Amino acid sequence: RMRTLAWLGITSLCLGAAWAVPAKEERRKAEKPKADLALYENLDLDNYDLTLDNYGEILDLSNYEELYDYGDLGPKIEVGTLAPRPKDPATLPNLGATADTPKLPPPTITGPVHLAPPWAASAPPALPSCRLCLCIGTSVYCDDANLEHIPPLPPETTYLYARFNRIGTIRASDFTGLEKLKRIDLTSNFISWADVDAFRLLPSLQELILPENRLTALPELPRSIVRLDARLNRIPSTGLQPEAFRELKQLQFLHLSDNQLDYIPVPLPESLRSLHLQNNNIQTIHEDTFCDSQDHSQIRRALEDIRLDGNPINLSLFPNAYFCLPRLPTGRFF
């Protein structure tokens, strides 16, 4: 009987354990959704509206690179594992044996191709000005190029800028054939001499800019000149041609300040608008310097900018010299 009771006890324990396991599993399944829902009870999802304005506030990516390092995931490439290309063409594989490649005819040009400016065909192939300088269209820029003379220029050159160089002389051959040249700017060079015909044969020249040089004489000018700027040189009155400006009917701006002139270069053309002669050695003015002393009805409206300041002259001593001018010259009147 004791043995029978023992077996009954063991059997009851096994059945109790078998029923207990499903009960626990059922309780876990019932409690798990409650626990998962409890994790989201404290989340505020009302303001979770992702826009461009609050993107940085909702998603903090400041430490993104620190948290995720993908450097080790990239494929590793060994340098030097590829076979070198064979130098002998005979050792290369014959690709033509595997497929027949049709031969294409050579390309044909249906029209002219302009790879250079129009003057390039007649210009020397190694034009020094376009090696040392910058050629853009018909303008040549040679500023601060350490030049000692004017380089050969393209025949179509219209504007030349060769400032801040070491050019010492201007030869008559420097501008030969440049019939379209309108402006020459040689500011701040070492020019001490220019041939008398260096500029006279240029039919289109309008602006000649020569300040900050060492000129002691001014060459002849073409009749097309509109602006002459030779400030800060060493030109005395004897360095000007007699009546140098009489025939320049288009001259409007004549700037010869900071030179060594003893008198105003007369006669001045009627076209002149601006005359700058300050800081010279001018001591006197003739009655006919600006006006015709015989025609008191004359009015010279164009010439309204005359600067004589910095000269040893008292302008108040020559009142009859200004009656035709719209404005008095700038200078000392006492």
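Residues numbered from 1 in each chain as written. Predicted model: local features only at pLDDT ≥ 70, side-chain atom pairs only at ≥ 80, totals over all residues. Heavy atoms only, no water.

*Asks:* Summarise the overall build of the protein chain; cite the residues concerned and give the values.
*Replies:* Counting its regular elements, the protein chain contains four helices and eleven strands. When each of the 334 residues of the protein chain is scored for burial, the buried share is 31%. Looking at the protein chain as shown, the accessible area adds up to about 23,400 Å², and 55% of this sits on carbon and sulfur atoms. (Helix = DSSP H or I, 4+ residues; strand = E, 2+ residues; numbered from the N terminus. Buried < 20%, exposed > 50% of the residue type's maximum accessible area, 1.4 Å probe, protein only. Areas by Shrake-Rupley, 256 points an atom, 1.4 Å probe, with all protein chains shown as cover.)

*Asks:* Summarise the pattern of salt bridges; cite the residues concerned and give the values.
*Replies:* Any two side chains of opposite charge can pair, given that their charged atoms come close. Per the stated rule, a full pass over the model turns up 13 salt bridges. For the salt bridge of Asp185 with Arg163, the shortest nitrogen-to-oxygen distance reads 3.8 Å. Taken together, the positions of Asp185 in strand S5 (residues 183-185) and Arg163 in the loop between strand S3 (159-161) and strand S4 (169-170) put the pair 22 residues apart, joining distant regions of the chain. Judged by relative accessible area, which is 25%, Arg163 ranks as partly exposed. What emerges from the salt-bridge pattern is a single network uniting Arg183, Glu207, Arg227, Asp229 and Arg231. (Salt bridge = Lys/Arg side-chain N within 4 Å of Asp/Glu carboxyl O.)

*Asks:* Which residues make up the side chain of Thr157, and what are the values?
*Replies:* Structurally, Thr157 is set in the loop between strand S2 (139-141) and S3. The contacts of Thr157, once residues within four sequence positions are left out, are Thr138, Val140, Lys180 and Leu181. (Contact = heavy atoms within 4.5 Å.)

*Asks:* I'd like to hear about the confidence of the model for the protein chain, residue by residue, with values.
*Replies:* Of the residues in the protein chain, 61% reach a pLDDT of 70 or more, and the chain-wide mean stands at 77. Contacts of residues 32-87 to residues separated by more than four positions or lying in other chains number eleven contacts, the stretch itself having pLDDT below 50. Long-range and interchain partners of residues 107-126, a stretch whose pLDDT sits below 50, account for eight contacts in this model, where long-range means more than four residues apart. (pLDDT = per-residue confidence, 0-100.)

*Asks:* Which residues make up unusual backbone geometry, and what values go with them?
*Replies:* Here the amide bond leading from Val266 into Pro267 is cis, since omega sits at -5 degrees, within 30 degrees of zero. Looking at where Pro267 falls in the secondary structure, it is placed in the loop between strand S9 (253-255) and strand S10 (274-276). For Asp144, which is not glycine, the phi dihedral falls at a positive 50 degrees. On the secondary structure map, Asp144 appears in the loop between S2 and S3.

*Asks:* Residues and numbers for the sheet that holds strand S11 (residues 305-307), please.
*Replies:* An order of S1-S2-S3-S5-S7-S8-S9-S10-S11 is seen for the nine strands of this open sheet, with the pairing classed as mixed. The sheet is open, and its two edges are formed by strand S1 (134-136) and S11, each paired on a single side. Strand-to-strand twist of the sheet, defined as the mean angle between neighbouring strand axes without regard to direction, takes the value 5 degrees. As paired strands, S2 and S3 are joined by three bridges and run parallel to one another. Residue pairing across strands places Val140 opposite Leu160, the latter belonging to S3. (Pairing = 2+ DSSP bridges. Axes fitted to C-alpha atoms, helices over the stretch in contact; angles between N-to-C directions.)

*Asks:* Give me the packing of aromatic side chains: which residues, what numbers.
*Replies:* This model, assessed by the stated rule, comprises four aromatic pairs. An angle of 5 degrees between the planes, with centres 5.2 Å apart, marks the rings of Tyr141 and Tyr161 as stacked. Taken together, the positions of Tyr141 in strand S2 and Tyr161 in strand S3 put the pair 20 residues apart, joining distant regions of the chain. Judged by relative accessible area, which is 33%, Tyr141 ranks as partly exposed. The exposure class of Tyr161 is buried, given its relative accessible area of 11%. Between Phe290 and Tyr322 the ring centres are 6.5 Å apart and the planes differ by 40 degrees, which places this aromatic pair in the tilted class. (Phe/Tyr/Trp six-rings, centres within 6.5 Å; stacked < 30°, edge-to-face > 60°.)

*Asks:* Any chance you could break down the state of the cysteines for me, citing the residues and the numbers?
*Replies:* In the structure shown here, the tally under the stated rule is three disulfides. Across a sulfur-sulfur distance of 2.0 Å, Cys133 and Cys142 are joined as a disulfide pair. Disulfide Cys133 to Cys142: torsion about the S-S bond roughly 105 degrees, handedness right-handed. Assessed through its relative accessible area of 11%, Cys133 is described here as buried. Put simply, Cys291 and Cys324 are joined by a disulfide, and their sulfur atoms are 1.9 Å apart. The disulfide joining Cys291 to Cys324 has a torsion of about -85 degrees about its S-S bond and is therefore left-handed. (Disulfide = S-S within 2.5 Å.)

*Asks:* Could you give an account of a negative patch on the surface, with specific residues and numbers?
*Replies:* A grouping of Glu287, Asp288, Asp292 and Asp295 is seen on the molecular surface, where their side chains present a negatively charged patch. Tracing the chain through its elements places Asp292 in the loop between S10 and S11. (Patch = residues over 30% accessible without salt bridge, like charges linked within 9 Å, V, L, I, M, F, W, Y side chains within 5 Å. Lys, Arg positive; Asp, Glu negative; His and termini not counted. Charge placed at Lys NZ, Arg CZ, Asp CG, Glu CD.)

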